[in-house]
Every structure is written in C-alpha cells, then in structure tokens.
Amino acid sequence: MELRQQMEEVLRGHNADYVEIRVEETESTHLSYRGKDFEEIGRTVDLGGCVRAAYKGGWGFVSFNNLAGLEEKVEMAVRQARLVGKETTQLAPVPVVVDVVPLAHKRDLLSVPLADKKRLMDEYIDVAWSRSPKIQTTNAAYGDGRRQVTFANNEGTFITQERSRVTVRVQVLARENGNVQQSRAAFSSMSDYDAMVGRHAEVADAADRAVALLAAQPVTGGEYTVICDPKLAAVFAHEAFGHLSEGDNVYENERLREIMVLGRRFGGVHLNIADGADVAGQPGSFKYDDEGTPSRKTYLIKEGVLVGRLHSRETAGKMGEAATGNARAQSYRHQPIVRMTNTCIEGANSSFEEMLADTKLGIFCKDWYGGQTTHEQFAFGCAEAWMIRDGKLAEPLRGTTLSGNLFSTLQNIDLIGCDFEWTESGGNCGKGGQTAPVGQGSPYIRIQKAVVGGK
Amino acid sequence: MATVTASSLTTLAERILDRARGRVEQAEVYAFESADTPVDFEANRLKSLETKEARGVALRVVKDGRIGLASTTKLDDLNQVVETAIELSAFGAEAKFELPASIAPTPVDLYDTSAERIAVEQMTALGQEMINRVRAYDADILCQAGVHRHLGTTELLNSRGGRGSYGKSSYTLVIGGQLIRGQDFLSIWEWERKCGTGIDHRQLADEAIRKFDLAKNVVPVTTRRMPVIFTPRGVAGVLLSRFGVALSGKSVLQGSSALSDKLGQQVFDPRLTLVDDSTRSGIPGSSPFDDEGIATRRLPLIDRGTVANCYYDLQTAGLAGKESTGNGYRSPGSLPSPSTGVVMVEPGDQRLEAMLAGIEEGLLVESMTGTFAGNIYSGDFSGNVHIGFKIEKGKLTGRVKDTMVAGNVFADMKQLGGISDVAEWVGGSVKAPHILFAELGVSTKTSA
C-alpha cells in the first residue's frame, strides 16, 4: 500500500485530540582524517518512524525502526496520551497542507564520486600542514547527507520534505613546547557540492591563525568594552536571547511570562533580532517544521522592544499566539520541541572601523568555539581575541571567554554594524537532548561592560 | 512492556556475518536493540509518556587490508549493508588490527531486573512525589522531573570466531526546577543513574532542596585569585574532560596531547589518582567488553600524580604499537575509537569540613557553563559559574553570580589544596571526591 494511504488510514478514528506520524529515511556518508592519515569512511542508512498523540493536554509518543504494525503503534501512543491527559489540548490552528518539497540541490551530493571528495580533503590537509613546522596535527572531516521526512496528521496534512547538507571541517592544532592552540575552517552548503571546492586559501588562513595563537597571552579577567565579529555576535543572539524567546521556556512559567512580556524594552532602538526558517540555504532553513507548520520570519526584538517569540503549536495555543514554525525534532526518535531556526541580529548603522576607533581600552573577539546559556546568564568561548588599545588592535589573546547577564548585556550593546553576514557553517544547537542545525547571522557589535574570563 | 529479544538480534547479526564472510579478510557485526521508557514531568506535572524502540546493525570489514564501515536500521535489506561496507573499504584506512578470535567478558552485572519490572504507574508516582517534595519546600519553584528506564542488548560477532553479547539496564531519576525572583534565574538539577531502581528519590529531592536553600542568598565576590573547591559534579563536568582528551591514545598518536611526553613522570599532586574502570557492577557506564570485544579492565590513568597510562582501541593501538586497553567504544554509525568508560578519581585524606574550614574567601563550584568552549587540548578552562557558592571564613554564605573561574587543569593540579576523603557517583559513569585548588583566577562583574 502507498505510504500516504497507509498513514491516513491508521490516523483515522482514534479517541484522541490530535495524532501525527512521521516516517524518516536518511542516508549519510562521512570521511574523517587523523592528522595526514585517512582514518574513517562510513555510510549510514537510518529508517524509522514515530507516532505522537495528544489527549486533554497530555502527550504519548512511540518511536521505532520497524515500520510494520503502524496501527498498534498509533494505538499505543493514544493510550499513553490518555494516561497523561487531565486538562485540555490547546494547539494553535495551522493550515492543512498537502505538499511535496523536493531537494533544491545544484549538484546531487551522492552523484559526486567518493574519490573526488577524498581528493578534495587530501588537498586541504596538505595545505594546512604546509603552513608551518609548528602545525602539530589536523582533524578533518567531510560529511554529506540526505534526509526525507514524511509527515501526516489527523487534520489532513500530508507533507514530504527532502533536505540535504554537505559540510567540510578542517581543525588545525599548532604546538610549541607544551602550548597547544587550535583553529578551524568550516564550510557548509545545503545545496551545492561545488561550494566546498577551491577554498584552499581559507584552510591556509586557519593554519596560520592556530600558529599565531601560540604567541598569544591569556587575557586578564575583568570587565571590558568588547567588539564581537559577526560570527560571535550571532552566537550571542542565539545563546543569550534566542533561548529565552522559546515558547516552551515561557508558556507555563508565570515568572518568566512577566519578564518576557511583549512590549518590554530590552535594548536600544538599533537592536533588531529575528528568527526564521524561510531564508534560503541556511542550516536552519525549511518550508515546514516538524508539526507541518509553514516557516516564517519572527521578530523577537524590534527597535529594542520585545515583539514576539518562537512557538510550537502547543506553546502558541496555550499563550494565545500564532504558531511560528519552530517545532523541530532531531529525528524520528524525538518529539518536536521549540527550537530556533536561523537567528540573526539585523544590521544597523555603525562599522567595525568606527567601533575600533572609538574604543580606548577593550577586547576584539572573533569567532567562537561554543556557547551555553542558563536563561539569564550566558557564556561562550572566543576563537581569537586581541586587546584594543587607543582605538587600535594590539596584542593577541588566547583562552578568552565572554559571559554575562542577558538583560544588562542587551542594554549594553551600544553599537551595531551595517555589515551583516550569515555564518556559513552555522552551528549545532543542543537542547533537551536533541541537536538541531541552526543558522546564525549578525553584523559587528560592540558591548560595554562585558565580563571576560581569564587568568 | 516487552523485554529486548536477544535471539532474533543474534540471528540478524549472523545472517549479515555469513554474507560478508569469505568476501573479506575480517568482518565484524555490531548489533544493538533497545527499549526506552522515559516518563517526563514539566511545569510540576506529568507531560508525556514515551516508548522508544530502536534496532540496528553496523558492519566493519577489512578487505585488501582496508577498513570499510556501513550501518543501517533498515533491516529488510541486509545485502545493502554488506555491499556498502565492501564498496567503501576501497577508500578506507589501512587496518592495523586483528579482531579478537574469542571474547572473554569481564564478569560485571549490568542487567538489573528491578528496572525491567518497574511499572509506568510506579515511575509516574515517583516523579510526582519528588516534585511534591520540592514544592512543599517552596511552591514558587517550577519543577521538572524525569524517571527513565533503558533496556538494551549489545551483540558482537566477528569472522575470526569472537562472539559475545550482554544486556544492560539503566534507570535514571532527575529532579530539579527553576526559581525566578525578579530577574534572578536559579535552576537546580539533581540526577542519578544506576542499573537498577535502587535510587533514593526522596534523598535526591532533598539534595535539590538543600541547594535551592543555599542558593537563594546571592552574595558578592571579589575579582582576584582565591581557593576554589570543585564538588564531585564540578570535577566531572569541568575537569575530567581535559584528562580524557589528553590521555586518549588518539591524541597521543597525533601529538596533540599535552601529557603524551609526560608518561611515567610525576606531574600532578601525589594525592591524585585517576582510574578508568568499566568493571563496576550496577553502574551503567560499565560493560563486560568494549565495542570490539576486548575485555574491560581497571586502568590507572594518573597514579599518585604520575601519568600512568593512555587508553586505546584496537586500530589506534595498532598504529601506535600498543595493545588495546579495552576502550574501543562507538556509536553504530562510526568506527570504534578510544573513549573512557567509568572514570573514578580516588578519594583523598581530607574531610570536606576541614577543607572548607581553612578557607577565608573562596568558591565551591558545582557547575559551570561555557567550559567546553576554551581550548580543551591545552588544559585551559574558563567559564561562568552556573551553580557555585561563596565560602567565607569556612562557611558557605550563598550563591555567586556573574562570576568566572579560569585556570589550566594540568598546571593547576601540580599541587592541589586537597582532595576530600569521600568520592561520590555522578550520574552513571564518574565517581569523584571534592577537589580543592589552592588558587584559581576568579573574575566578576563589578557593575550592571
């Protein structure tokens, strides 16, 4: 029987408020290198499905690899939901959609011979090693994958979406005596293998940066005026504000609802923060989220004022707001939860040169190694940093971590550049035990009184 | 709920091995099957019930001396996984190992039927009781809780005759919540994981309450170098990952290990002993053999301050001219690579009270954020204190905020302020005592 017919049939006639089925198949290939040596090649095929049901506000969820007996799996999810539900199911309405979203790739990733992919990686690794005798080692990886998700619910929505992604990552470690420093080049595309090709200069630059960090000194901890490059500023927007705007953090949390009340001022009029999956070609881009809600752009902060937040159908329904297309599941093994997609600080009117010239003593932080938030407090590691003295870049710093309180930091962003850019490789965001690829974009920003960690 | 059926998994693995055998020099099938039952509470009440069943296989082959890998959960087409592994081996790395011709499992008891037997209704009741307990202390705390059960079977078969399988259960309790006052956000989490249901849920809830109570008072701290105690959770979360990276056979082979040239030398405080030991019964991080059939063992990593051993899987050991230490772990989609199992820091000789008593101004750090960020290879760490308490004149006076701690794990552990005499389990894979650093860099925000 055809999958659509089969799914629609088993979705009928259940004693539940809502039922949905996802069936997913992925095929991914990875290559990895240890130093100059080729280490691993592997291919994974993953086929599985899940059923989620809601009854009086409670949820049941069943995931499986064996697609046989779908009917019983639906019944099990409904039974579980009925054990939980004691209140009311409130799901924001979304249009019933029947759609097929095919791959938008320029060149089929799977059609590129493995030998070509391997040769490309060999070249990049050679470039990295050729830059300095201080290069200790490299860790390089190539990955590509294709994911097809078929979604159906008992409201009549039936969507098949196919997505792909290719990534190249070259991490370079430089060493001098006991001092080991790292840098990386990372490329990514949702649609085009050729975007991975011919980027030798950027790999060389990553190697040079790792070597340069060997001479960098640890920063003296304290409060500084900090200029963030677009990559770091984008992570800041994601970590510091994006997570707090996620509806699931807010909807059943009275205190947080009071803090995150729409209309409240969080920053200057130059501050605009938005999220949306409807941007072409970013890691967090898609046409429909994992509840079948069409993607759209949502302003979180407009001209410094909180104007929106990110929702699943449930969080939107419970808060009386509209679903925003932010319900995402890592795979069929997980229930969708509220996630960011592509989050950005929009460009304003300053420039990096102006920020620098205007900073007497401060730190310029560039790129990042990861970030984390505990709602009000955030912390992230900078890949590179320099002291700013009298309006000019001075000595390089290493091991620099930026942290602070969200509320005061947003207020303390005093300059925002006009030079907006998306971070090419985006990031992977972890939440609730699930990982999701996210897009991140920003111009340069300047923050007053940021806490920088160091010796 | 149905338990995992080992026999059908074995049949599946055998069928794949049979198809690969004869076409390659070596073949190994890693098969897994699991059933998870997470009971989750959100916003003080039961939110969802889940049943997650998973099943899959991975095939590693060596053909013409090269390694190929394919894995699948699409079990209706076993030929595909065999053909893919063989096809990819043409591009693969040169194999430097021989799979074990027999697997001699270390006796370790990891399947506790109490986890299998507990009913969902009981799990639900336990979760609600933990929440009620915390809310009886303070109804303003928005609680989350989880009672999770995992039952799994791992099956390993290779073409040289090695075969083994084991079942493992794990049972996890989580209780915590968020307390917001003004713009002050406080999140406290307590969790514990064992193979069986023998976890005192009331004690866990009480520990969360104790920390909420201590954390309600926010106190200022000065920017300067000062004594810092890491709690067992702090040791597990902040310090141990640096050792894990530095002592991995892979880092050593690549020359990226900050400790590789220190093997056999005493470079740490003589009171520091760090052991990898996956032979602990009842601890979910344990296993009778690693994911390529090498028996687990007790492996000292740091022995009374001396760098004693690095840990290896088969391939890395082959490349380095060493023996596997039984540390070849994998996810199904990847080749085995060196990884620690259960990591234990041996307790020291100081009572925690005595440790605290000697501190005029210092910090007790339970968890930090952002520490994954810095440069893990160098041993540097730097991050924001998430849950940490101020020590004043030997007493814990309250929680610190907007405070960063930075140091270098390797340099700062040359001479420690002390190690407490009791080690505690943290989750299902680390056991550690409190560790006192005589002095670490602490910086704080001085104004809003």
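Parameters at a glance
Residues numbered from 1 in each chain as written. Chains lettered and ligands numbered in written order. Predicted model: local features only at pLDDT ≥ 70, side-chain atom pairs only at ≥ 80, totals over all residues. Contact = placed C-beta atoms within 7 Å. Helix = DSSP H or I, 4+ residues; strand = E, 2+ residues; numbered from the N terminus. Nonpolar A, V, L, I, M, F, W, Y, C, P; charged D, E, K, R; others polar. Pairing = 2+ DSSP bridges. Domains from an automatic or database assignment. Expected span 1.5 Å × (residues − 1). Axes fitted to C-alpha atoms, helices over the stretch in contact; angles between N-to-C directions. Buried ≥ 20, exposed ≤ 12 C-beta atoms within 10 Å, placed from the backbone. Arc of directions from axis to C-beta.

Asks: I keep staring at the interface of chain B and chain A and nothing clicks. Help me out?
Replies: Frequently, the measure chosen for interface size is the accessible area that the parts lose on association. On the side of chain A, 71 residues touch chain B, which itself brings 61 residues to the contact. Where the side of chain B that touches chain A is concerned, the elements lending two or more residues are strand 2 (45–63), strand 3 (66–72), helix 2 (78–89), strand 6 (184–194), helix 7 (249–254), strand 15 (380–392), strand 17 (403–408) and strand 21 (435–444) of chain B. For the side of chain B that touches chain A, the element with the most residues is strand 2 of chain B, which contributes 11 residues. Split by residue class, the side of chain B that touches chain A holds 20 nonpolar, 30 polar and 11 charged. Two elements, strand 3 (residues 58–64) of chain A and strand 2 of chain B, share five bridges in a ladder whose sense is parallel. Its bridge partner lying in strand 2 of chain B, Gly60(A) is registered against Leu49(B).

Asks: I would appreciate a short explanation of the domain arrangement of chain B in the present structure.
Replies: Residue and element names in this part refer to chain B. We note that the domain assignment places domain 1 (6–211) and domain 2 (218–448) within chain B. Computed over C-alpha atoms, the centres of domain 1 and domain 2 are 24 Å apart. With 36 residues of domain 1 at the contact, the number on the domain 2 side is 27 residues. Counting only elements with at least two residues in the side of domain 1 that touches domain 2, the list comes to strand 1 (26–42), strand 2, strand 3, strand 4 (142–158), strand 5 (163–181) and strand 6. Residue classes in the side of domain 1 that touches domain 2 are distributed as 18 nonpolar, eight polar and 10 charged.

Asks: Teacher, can you tell me more about the domain arrangement of chain A here?
Replies: Residues and elements named next belong to chain A. Annotation of chain A at the domain level lists domain 1 (3–215) and domain 2 (218–453). Computed from C-alpha coordinates alone, the two centres of domain 1 and domain 2 are separated by 22 Å. With 33 residues of domain 1 at the contact, the number on the domain 2 side is 28 residues. Looking at the side of domain 1 that touches domain 2, the elements that each hand over two or more residues are strand 1 (18–34), strand 2 (37–55), strand 3, strand 5 (135–153), strand 6 (158–176), strand 7 (179–189) and helix 4 (200–214). With five residues, the single largest contributor to the side of domain 1 that touches domain 2 is strand 7. Broken down by class, the residue content of the side of domain 1 that touches domain 2 amounts to 16 nonpolar, 12 polar and five charged.

Asks: Explain the environment of Val218(B) to me, please; I cannot follow it from the model alone.
Replies: Residue and element names in this part refer to chain B. With respect to the secondary-structure elements, Val-218 resides in the loop between helix 5 (201–215) and strand 7 (224–230). Along the backbone, Val-218 and Gly-398 are 180 residues apart, and their C-alpha atoms lie at a distance of 5.4 Å. Apart from residues lying up to four places away in sequence, Val-218 is in contact with Asp-184, Gly-398, Arg-399 and Lys-401.

Asks: Just checking my understanding: could you explain helix 5 of chain B for this structure?
Replies: Each α-helix winds once per 3.6 residues, and so residues spaced three or four apart point in a common direction. Here helix 5 of chain B contains 15 residues, and its C-alpha end-to-end distance of 21 Å stays within 8% of the 21 Å for a straight helix at 1.5 Å per residue. Looking at the packing, one finds that the buried side of helix 5 of chain B touches helix 4 (120–137), strand 5, strand 6, strand 15 and strand 16 (395–399) of chain B.

Asks: Just to check I follow, could you spell out the sheet that holds strand 13 (residues 343–345) of chain B for this structure?
Replies: Hydrogen bonding along the main chain pairs the strands of a sheet, whether they run parallel or antiparallel. Residue and element names in this part refer to chain B. What the six strands build is an open sheet, ordered 10-9-8-13-20-19; its pairing is mixed. The open sheet has two edge strands, strand 10 (306–307) and strand 19 (424–426), and neither has a second partner. Of the strand pairs in this sheet, strand 8 (residues 274–277) and strand 9 (residues 298–303) are connected by four bridges, and their pairing is antiparallel. Across the sheet, residue Leu-274 finds its bridge partner in strand 9, namely Ile-302. Most of the contacts of helix 6 (residues 232–246) go to strand 20 (residues 430–432), to which it runs at about 110 degrees, and overall it touches strand 8, strand 9, strand 13, strand 19 and strand 20.

Asks: Just checking my understanding: could you explain unusual backbone geometry for this structure?
Replies: Where the residue is not glycine, phi is negative for most of them; where a peptide bond is considered, it is trans in most cases. All names here are of chain A. One non-glycine residue with positive phi stands out, namely Lys-56, at about 45 degrees. In this structure, Lys-56 sits in the loop between strand 2 and strand 3. Residue class for Lys-56 comes out partly exposed when judged on the 14 C-beta atoms lying within 10 Å of it. The phi dihedral of Lys-449 falls on the positive side, at around 55 degrees, and the residue is not glycine. Secondary-structure assignment places Lys-449 in strand 24 (residues 445–453).

Asks: Would you explain helix 4 of chain A in this entry?
Replies: Residue and element names in this part refer to chain A. Here helix 4 contains 15 residues, and its C-alpha end-to-end distance of 22 Å stays within 8% of the 21 Å for a straight helix at 1.5 Å per residue. Listed as buried for helix 4 are Val-203, Ala-206, Ala-207, Arg-209, Ala-210 and Leu-213. Relative to the axis of helix 4, the buried residues are bounded by an arc of 155 degrees and lie together on one face. Taken together, the buried residues of helix 4 touch helix 3 (114–129), strand 5, strand 6, strand 7, strand 17 (377–389) and strand 18 (392–398).

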